[in-house]
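Spelled out, the chains give:
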Amino acid sequence: MFRIKICGVTRPEDAAYAVACGAGAIGINFFPGSPRFVPADAAREIVEAVADRAEIVGVFANESPGKIVSLCETLGIRRVQLHGDEDSGDASRIPLWKMRAVHADRAQDLPALLAYPCDAFLFDAGGRDAYGGTGRELAWRELAGRFPGIADLRNAGSARKPWLLAGGLTPSNVERAILEARPFGVDVASGVESSPGRKDPDKVKSFIERAKAGFRIAEA
């Protein structure tokens, strides 16, 4: 399981650079409503640029299970992030590793969330007109109390699923966020960009360095 994911990558050179800096995963956004949307042909180049040096995560929002599986098989993507309003039935029809995005600013049915058929969770801010990538910062310290059984412990053995923190993370706050929320990993898109979909090399490098520092302190 990866600890640092650089999401919303739209160019192969950005993907290769992030991996060279130490990112464990790259996220490719297949949601047409996103400014970071990547068509299949361009996504293939990103996958090839990363090869086997990091995980590739396909990000989808309200796409049909059949289309998700078909596209991932074509591109050789083994992990998906469900970032929309997909119900458990749709998720169960996707025979791939799955990470469920939780829009933490919305009311959630905790029992249903705990039973959701996924391998990991990601907490993001989202919004009324956006499923993610808003740059809005979450109330990190509140997650443990609001989502017991998911976000209250970073790693509580095989009975718990790992979870990633997203939402407003930047190089300047990621270390603090890790120490306050104690996630298994972190995910960033807009916080390391010069413009939507264009990653800033200095921000990417600094974010990964600060995230690694945060995890070292948290685990000391």
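In this report, we go over the structure that sits alongside the text. Source: prediction; values computed, not measured. (Residues numbered from 1 in each chain as written. Predicted model: local features only at pLDDT ≥ 70, side-chain atom pairs only at ≥ 80, totals over all residues. Heavy atoms only, no water.)

## Considering the pairing of strand β6 (residues 120-124)
Two faces belong to every sheet, and in a regular strand the side chains alternate between them. Cut-off, in case you're wondering: In this scheme, a residue with accessible area under 20% of its type's maximum is buried, one over 50% is exposed, and one in between is partly exposed, where area comes from a 1.4 Å probe on protein chains only. Each helix is a run of H or I in the DSSP string that is no shorter than four residues. Each strand is a run of E no shorter than two, and both are numbered from the N terminus. Pairing between strands requires that DSSP locate at least two bridges from one strand to the other.
Among the 5 residues of β6, 5 are classified as buried, and the element is accordingly described as predominantly covered. One ladder, built from 5 bridges, connects strand β5 (residues 97-103) with β6; its direction is parallel. Note on β6: the bridge partner recorded for Ala101 is Leu122. Of the pairings in the sheet, the one linking β6 to strand β7 (residues 163-165) comprises 3 bridges and is parallel in character. Looking at β7, one finds that Phe121 is bridged to Trp163.

## Remarks on the pattern of salt bridges
Put simply, the rule is: By definition, a salt bridge exists where a carboxyl oxygen of Asp or Glu is found within 4 Å of a side-chain nitrogen of Lys or Arg.
Tallied over the entire structure, the rule returns 16 salt bridges. Here the residues in one salt-bridge network are Arg11, Glu13 and Asp14, joined through shared partners.

## Re helix α3 (residues 65-75)
Basically, it comes down to this: Here a residue-residue contact requires only that any non-hydrogen atoms of the pair lie within 4.5 Å.
Looking only at α3, the buried set comprises Pro65, Ile68, Val69, Leu71, Cys72 and Leu75. If you follow the buried residues of α3, they end up packed against α2 (40-50), β3 (55-60), β4 (79-82) and α4 (88-92). Two residues or fewer past α3, Gly76 is found with a positive phi of approximately 75°.

## A closer look at the packing of helix α1 (residues 12-21) against α2
This is how it is decided: Axes here mean lines fitted to C-alpha atoms, for a helix over just the part in contact, with angles spanning 0 to 180 degrees between N-to-C directions. Here is the rule for angles: anything less than 35 degrees is roughly parallel, anything more than 145 is roughly antiparallel, 65 through 115 is roughly perpendicular, and the remaining ranges are oblique. Should the near helix be turned anticlockwise from the far one by less than a right angle, the crossing is termed left-handed; should it be turned clockwise, right-handed. Each residue gets one of three labels, nonpolar for Ala, Val, Leu, Ile, Met, Phe, Trp, Tyr, Cys and Pro, charged for Asp, Glu, Lys and Arg, and polar for the others, Gly among them.
Relative to each other, α1 and α2 sit at 25°, their axes nearing to 8 Å. One element, α1, and the other, α2, form an angle in the roughly parallel class. Here α1 and α2 pass one another in a crossing that is right-handed. Note on element contacts: α2 touches α1 through Glu45, Ile46, Ala49 and Val50, opposite Pro12, Ala15, Ala16 and Val19. Tallied by class, the residues present in the contact of α1 with α2 amount to 7 nonpolar, no polar and 1 charged.

## Concerning the sheet that holds strand β1 (residues 4-6)
Sheets are built from strands that pair by backbone hydrogen bonding, the pairs being arranged parallel or antiparallel. With respect to topology, 8 strands assemble into a closed barrel ordered β1-β2-β3-β4-β5-β6-β7-β8, the strand pairing being parallel. Neighbour to neighbour, the strand axes of the sheet diverge by 25° on average, direction disregarded. Strand contacts of helix α8 (residues 201-219): β1 and β8 (185-188), with the helix running at about 160° to β1, the strand carrying the most contacts.

## Remarks on unusual backbone geometry
Here Ala51, not a glycine, exhibits a phi torsion of approximately 55°, which is positive. With respect to the helices, strands and loops of the structure, Ala51 is situated in the loop between α2 and β3. Phi at Asn62 is positive, roughly 60°, even though this residue is not glycine. Mapped onto the fold, Asn62 is located in the loop between β3 and α3. Note on Asn62: relative accessible area 40%, which makes it partly exposed.

## Focus: the side chain of Lys5
Put simply, the test is: The definition of a polar contact used here is a pair of N or O atoms within 3.5 Å, where within protein one atom must be able to donate a hydrogen and the other to accept one, and adjacent residues in sequence count solely through side-chain atom pairs.
Mapped onto the secondary structure, Lys5 falls in strand β1. Assessed through its relative accessible area of 0%, Lys5 is described here as buried. Side-chain polar atoms of Lys5 contact the side chain of Gln81, separated by 2.7 Å. Among all residues touching Lys5, those that are not within four sequence positions of it are Ala25, Gly27, Val57, Val59, Gln81, Met99, Leu164, Val186, Asp187 and Val188.

## A short note on α1
To keep it simple, the criterion reads: When we speak of the arc, we mean the arc of directions from the helix axis to the C-beta atoms.
If you check which residues of α1 are buried, you get Asp14, Ala15, Ala18 and Val19. Buried positions in α1, seen along its axis, are confined to an arc of 130° and lie on one side of it. The inward-facing, buried residues of α1 abut β1, β2 (25-29), α2, β10 (198-199) and α8. Just past α1, the residue Gly22 takes up positive phi, approximately 120°.

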